[in-house]
Amino acid sequence: MDAFLRGGKASAGDEASTSKGRKEDKKLKKPTPWVEKYRPRTVDDIVEQNEIVATLKQCLQGADLPHFLFYGPPGTGKTSTIIAAARQLFGDMYKDRILELNASDDRGIQVIREKVKSFSQVSVSSVRPDGKPCPPYKIVILDEADSMTAAAQAALRRTMEKETRSTRFCLICNYVSCIIQPLTSRCAKYRFKPLSRETMIKRLNLICLEEKVSYDTRTLDLLVDMSGGDLRRAITCLQSCVRLKGEEGIVYDDILEVTGVIPDNYIENLLDVCRQHNYDKMEHFVEEILSKAYCAPQVLEQIQEIIIPRPDLTDAQKSHICEKIAVCSWRLQDGASEYIQLLDLGCSMIEVL
Amino acid sequence: MSLWVDKYRPNSFSKIDYHKEQGQRLKNLVQHGDFPHLLFYGPSGAGKKTRIMILLRELYGSGVEKLRMEHMNFQTPSNKKIEIMTVASNYHIEINASDAGIYDRIVVMELIKNAAQTHQLDANEQREFKVILLTEVDKLTKDAQQALRRTMEKYIATCRLILCANSISQVIPAIRSRCLSIRVPSPSNVEIVSVLLNICKKEGLTIPMELATRIAEKSEGNLRRAILTCEACKVNQYPFDKNQKIVEPDWQNYICETANVILKEQTPQNLLNVRSRLYELLCHGIPTELIFKYLLKQLLTKCDMAVKREVIQVASDFEHSLHRGSKVIFHLEAFVAKFMAIYLQYMEDTVRAV
Ligand SMILES: Nc1ncnc2c1ncn2[C@@H]1O[C@H](COP(=O)(O)OP(=O)(O)OP(=O)(O)O)[C@@H](O)[C@H]1O
Ligand SMILES: [Mg+2]
């Protein structure tokens, strides 16, 4: 362990090597994954999220910045947006004006009180060292705020009010319901929607072009479908496919493999077996699916997708199965055994089909 | 003398016995240094760890095989000391953070931040990043997984994570969105048989096809288990006989016997017997998921379809509540009691029908 850590040159305060400022010039040398390479650098690069982009543009023009609350599913640009905006606002002084605390940092009540307080008490001027004007406040970014305890959030309340003169807060989370009401009411709320098909395709097209990847539209369509509005996931998958394949271009099946989607004939077979009321075969099938390392929530999702549009099933049958899917999915969330839950679902399907 | 599992562990992508195409692809992947974090998942004994080690070797050369075991100390904010075993080379470190229980977040964070703040050995600039290998990520608390999110992104240039899990259903979507997931399916029985034949050939032994097939069938897709069983068979009796007895793990036999005890008599008195047997299993650290699975499987063999459905329904309910509660034994026992009631009813109905 020691050698592992000591191995390199000591590098006190090497934060900079990970921040973008220096990455820009290192980029040529240091291979960074595409998600980072194509992370928006300015507010203009953000696609889709029009409302917040408009607001931020006004702030860049000099309008005052409110406290923000960004929420929405993973990979929709929340973190990128605020960081890009802050970079544009503060330029080189970025490091002094921003305090970023995320779920990896200790964010107990004590820390919120002390760290945030001492950060925000130093007042700041409205000109940069080079004479250009810049906003007279600092920004505290609380990323992944849904993992903060309610007590810590409550402690934040006071701090937020007291320090408004010099500090703006930006809270970021996936689930807005995890943020206590007194905080949400103090912030301008922005929902980051899952990105639309067209924007994702446009963005992916751009990346493919830059990286000289050959592809066909059907493949890209599938990639977009599979990532459900999560652009980060789409970019990661794209890059993975390209790298896994080596020199050749990417095709339809590659995407299926990296996204962990179960081939449709598996699911069809499962339905068939259930229709034959054959328990042993059903059990065998469940074991087969799990031994192929497909995960149970994915099975549930795909079964649901398949049965809903089926004309040969009655509404009663569909609703019965969907209800079971819901129950199983909830139990799986709590960590229940995938094997037993799938058996349970299988039995229900045998019963109603 | 090392065990066969270690002795015949392949050490390059060209030598792996199955999923060859995937091996080739992984090899392509590491040619460029810009691959994302990786998440390997698959049932135990499918070969995840083998592939990860080969991958590291491709990245850093044979230096990664010089492993040291060390204890690392961490301190919680409440000044509690935690000690964790790590396995490390100059290039990577492997840790099972779930060993730290509810303090896993601290372990994961400290480790990544430390590692990210030192540069890679710059001697000949092999790679600009180090690798942190986290095993059993599906066992990490949600808190620790949350903490990984932004950290993974921030330090990606200096530190790549390789995560390893049995199933991704317990890995939060935010992490899955940040990784390339690599599915490692279990080998098929045919593939297992061919591995066994190969090993025996290298050992200079002859193994009857029938025996190899039987071992493969008993191993449930777990190659490690198949090889261990094969070696055990060799110790028990050589020359091999195609009908020779295959040793099964004690705990599995014990669970089957427990099921038979339940099926024999459905009384409160017998429930007490079963309880002590369940305690016995738990004391030996057999995972509850396995106890539930094999118990259920064995019990179901004696039920007809209608009863099966009912029993599975009950089982899925209790197995779930077990994850929400804290004392495992309550839920296991409740299941057994409920099963006894259902089964008794079923027997009475059959008798009456006759
Ligand atoms: N609206 C967007 N415009 C441009 N790129 C985007 C957008 N949304 C996501 N991306 C891409 O996805 C990557 C991840 O985005 P980001 O880190 O902002 O997600 P996030 O919303 O913070 O997700 P999480 O909730 O998981 O933290 C970025 O590096 C970028 O490449
Ligand atoms: Mg984020």
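Residues numbered from 1 in each chain as written. Chains lettered and ligands numbered in written order. Predicted model: local features only at pLDDT ≥ 70, side-chain atom pairs only at ≥ 80, totals over all residues. Heavy atoms only, no water.

**A closer look at the overall build of chain A**
On a plain count of helices and strands, chain A comes out with 18 helices and five strands. For chain A, the computed accessible surface area is about 15800 Å², with 51% contributed by carbon and sulfur atoms. When the 49 positive and 51 negative side-chain charges of chain A are each reduced to one mean point, those points stand 10 Å apart. (Helix = DSSP H or I, 4+ residues; strand = E, 2+ residues; numbered from the N terminus. Areas by Shrake-Rupley, 256 points an atom, 1.4 Å probe, with all protein chains shown as cover. Lys, Arg positive; Asp, Glu negative; His and termini not counted. Charge placed at Lys NZ, Arg CZ, Asp CG, Glu CD.)

**A look at helix α7 (residues 109–121) of chain A**
All names here are of chain A. Over its 13 residues, α7 extends 18 Å from the first C-alpha to the last, a length consistent with the 18 Å expected when each residue adds 1.5 Å. For α7, the complete set of buried residues consists of Val-111, Ile-112, Val-116, Phe-119 and Ser-120. Down the axis of α7, the buried side of the element spans an arc of 110°, and every buried residue falls inside it. Structural note: α7 exposes Gln-110 and Gln-121 on the side pointing more than 90 degrees away from its buried face. Residues of α7 that are buried make contact with α6 (94–97), β2 (98–101), β3 (138–142), α8 (150–162) and β4 (167–173). (Expected span 1.5 Å × (residues − 1). Buried < 20%, exposed > 50% of the residue type's maximum accessible area, 1.4 Å probe, protein only. Arc of directions from axis to C-beta. Contact = heavy atoms within 4.5 Å.)

**Looking at a positive patch on the surface**
Side chains of A:Arg113, A:Lys117, A:Arg158 and A:Lys162 sit close together on the surface and give a patch of like positive charge. At the level of elements, α7 and α8 of chain A are the ones that each hand at least two residues to the positive patch. (Patch = residues over 30% accessible without salt bridge, like charges linked within 9 Å, V, L, I, M, F, W, Y side chains within 5 Å. Salt bridge = Lys/Arg side-chain N within 4 Å of Asp/Glu carboxyl O.)

**Looking at the packing of aromatic side chains**
On inspection of all chains with the given rule, the structure shows 14 aromatic pairs over all chains. Measuring from ring centre to ring centre gives 5.7 Å for B:Phe35 and B:Phe129, while their planes differ by 85°; the resulting arrangement is edge-to-face. Of this pair, B:Phe35 sits in the loop between α2 (20–31) and β1 (37–41) while B:Phe129 sits in the loop between α4 (104–116) and β5 (130–134), and the two are 94 residues apart along the sequence. The pair formed by B:Phe35 and B:Phe129 is uniform in burial state, with each residue classed as buried. With a centroid separation of 5.2 Å and an interplanar angle of 80°, the aromatic rings of B:Tyr238 and B:Phe240 are classed as edge-to-face. The class for B:Tyr238 is partly exposed, based on a relative accessible area of 36%. Overall, the relative accessible area of 10% leaves B:Phe240 in the buried class. In textbook terms, an aromatic cluster arises when at least three aromatic residues are bridged by ring pairs, as seen for A:Phe68, A:Phe70, A:Tyr190 and A:Phe192. (Phe/Tyr/Trp six-rings, centres within 6.5 Å; stacked < 30°, edge-to-face > 60°.)

**So, the sheet that holds β5(B)**
Residues and elements named next belong to chain B. What the seven strands build is an open sheet, ordered β2-β3-β4-β5-β6-β1-β7; its pairing is mixed. Two strands close off the open sheet at either side, each with one partner strand: β2 (68–75) and β7 (179–183). For this sheet the average axis-to-axis angle between neighbouring strands, irrespective of direction, equals 25°. In this sheet, strand β3 (residues 81–88) lies alongside β2 in antiparallel orientation, the contact comprising eight bridges. Residue pairing for β3: Met-72 is matched across the bridge by Ile-84. (Pairing = 2+ DSSP bridges. Axes fitted to C-alpha atoms, helices over the stretch in contact; angles between N-to-C directions.)

**Examining the site of ligand 1**
In the region of ligand 1, 21 residues are neighbours, and A:Val35, A:Lys78, A:Thr79, A:Ser80 and A:Arg232 sit closest. More than one chain lines the surroundings of ligand 1; the residues nearby belong to chains A and B. A:Thr76 is positioned such that a nitrogen or oxygen atom in its backbone is 3.3 Å from a nitrogen atom of ligand 1. Taking A:Gly77, its main chain carries an N or O atom lying 3.1 Å from a nitrogen atom of ligand 1. Placement of ligand 1 is best described as lying within the largest cavity. Those elements that provide at least two residues to the shell around ligand 1 are α5 (78–90) and α12 (231–245) of chain A together with α5 (142–154) of chain B. Partitioned by chemical class, the residues of the shell around ligand 1 number eight nonpolar, six polar and seven charged. (Near = heavy atom within 4 Å. Polar contact = N/O pair within 3.5 Å; in protein donor to acceptor, adjacent residues only side chain to side chain. 1 Å grid on protein atoms, 1.4 Å probe; cavity = no way out; pocket = protein on both sides within 12 Å on 5 of 7 lines; lining within 4 Å. Sits in = over half its atoms within 2 Å of the grid points. Nonpolar A, V, L, I, M, F, W, Y, C, P; charged D, E, K, R; others polar.)

**Considerations on the confidence of the model for chain A**
Residues and elements named next belong to chain A. Confidence in the prediction of chain A, expressed as mean pLDDT, is 84, and 91% of residues score 70 or more. Summarising per-element confidence for chain A, the mean pLDDT is lowest in helix α2 (residues 20–26) (38) and highest in helix α17 (residues 315–333) (95). Low pLDDT, under 50, characterises residues 7–28; the stretch is placed with 34 contacts to residues that sit more than four places away or in other chains. (pLDDT = per-residue confidence, 0-100.)

**Some words on helix α14 (residues 264–275) of chain A**
All names here are of chain A. With twelve residues, α14 extends 17 Å from end C-alpha to end C-alpha; this agrees with the ideal 16 Å at 1.5 Å per step. Turning to α14, its buried residues are Tyr-266, Ile-267, Leu-270, Leu-271, Val-273 and Cys-274. Along the long axis of α14, the arc covered by the buried residues comes to 160°, so they all point the same way. Looking at the buried residues of α14, the elements they touch are α15 (279–291), α16 (296–307) and α18 (338–352).

**Some points on the interface of chain A and chain B**
On the chain B side, the residues contacting the 77 residues of chain A number 83 residues. Here chain A and chain B share an interface that buries about 7000 Å² over both sides, 55% of which is from carbon and sulfur atoms. Here chain A and chain B share twelve salt bridges between them. Between A:Arg39 and B:Glu153 there is a salt bridge, and its shortest N-O distance comes to 3.3 Å. Our count for the contact surface shared by chain A and chain B stands at 28 residue pairs in polar contact (both at pLDDT 80 or more). Of all the secondary-structure elements, those providing two or more residues to the side of chain A that touches chain B are α1 (2–6), α3 (34–37), α5, α12, α13 (252–259), α15, α17 and α18 of chain A. When grouped by side-chain class, the residues that make up the side of chain A that touches chain B number 26 nonpolar, 21 polar and 30 charged. (Buried area = accessible area lost by both parts, 1.4 Å probe.)

**Some details on the side chain of A:Arg168**
All names here are of chain A. Mapping Arg-168 onto the fold places it in strand β4. A relative accessible area of 9% places Arg-168 in the buried class. Engagement of the side chain of Arg-168 in a polar contact is seen with the side chain of Asp-64, the distance being 3.0 Å. Residue contacts for Arg-168: discarding those within four places in its chain leaves Asp-64, Leu-65, Pro-66, His-67, Tyr-137, Lys-138, Ile-139 and Val-140.

**Remarks on empty space enclosed by the protein**
One pass over the structure, following the stated rule, counts five cavities of 30 Å³ or more. Taken as a whole, the largest cavity encloses approximately 360 Å³ of empty space. Lining of the largest cavity is provided by 26 residues; of these, A:Arg39, A:Gly75, A:Thr76, A:Gly77 and A:Ser80 occupy positions nearest its centre. Taken together, the elements giving at least two residues each to the lining of the largest cavity come down to α3, α5 and α12 of chain A together with α5 of chain B. Among the residues making up the lining of the largest cavity, the classes are represented as nine nonpolar, six polar and eleven charged. Roughly 70 Å³ of internal volume is contained in the second largest cavity. Forming the boundary of the second largest cavity are A:Val35, A:Glu36, A:Arg232, A:Thr236, B:Pro36, B:His37, B:Met152, B:Glu153, B:Ile156 and B:Arg178. Contributions of two or more residues to the lining of the second largest cavity are made by α3 and α12 of chain A together with α5 of chain B. (Points joined across faces, edges and corners; volume = space filled by probe spheres on them.)

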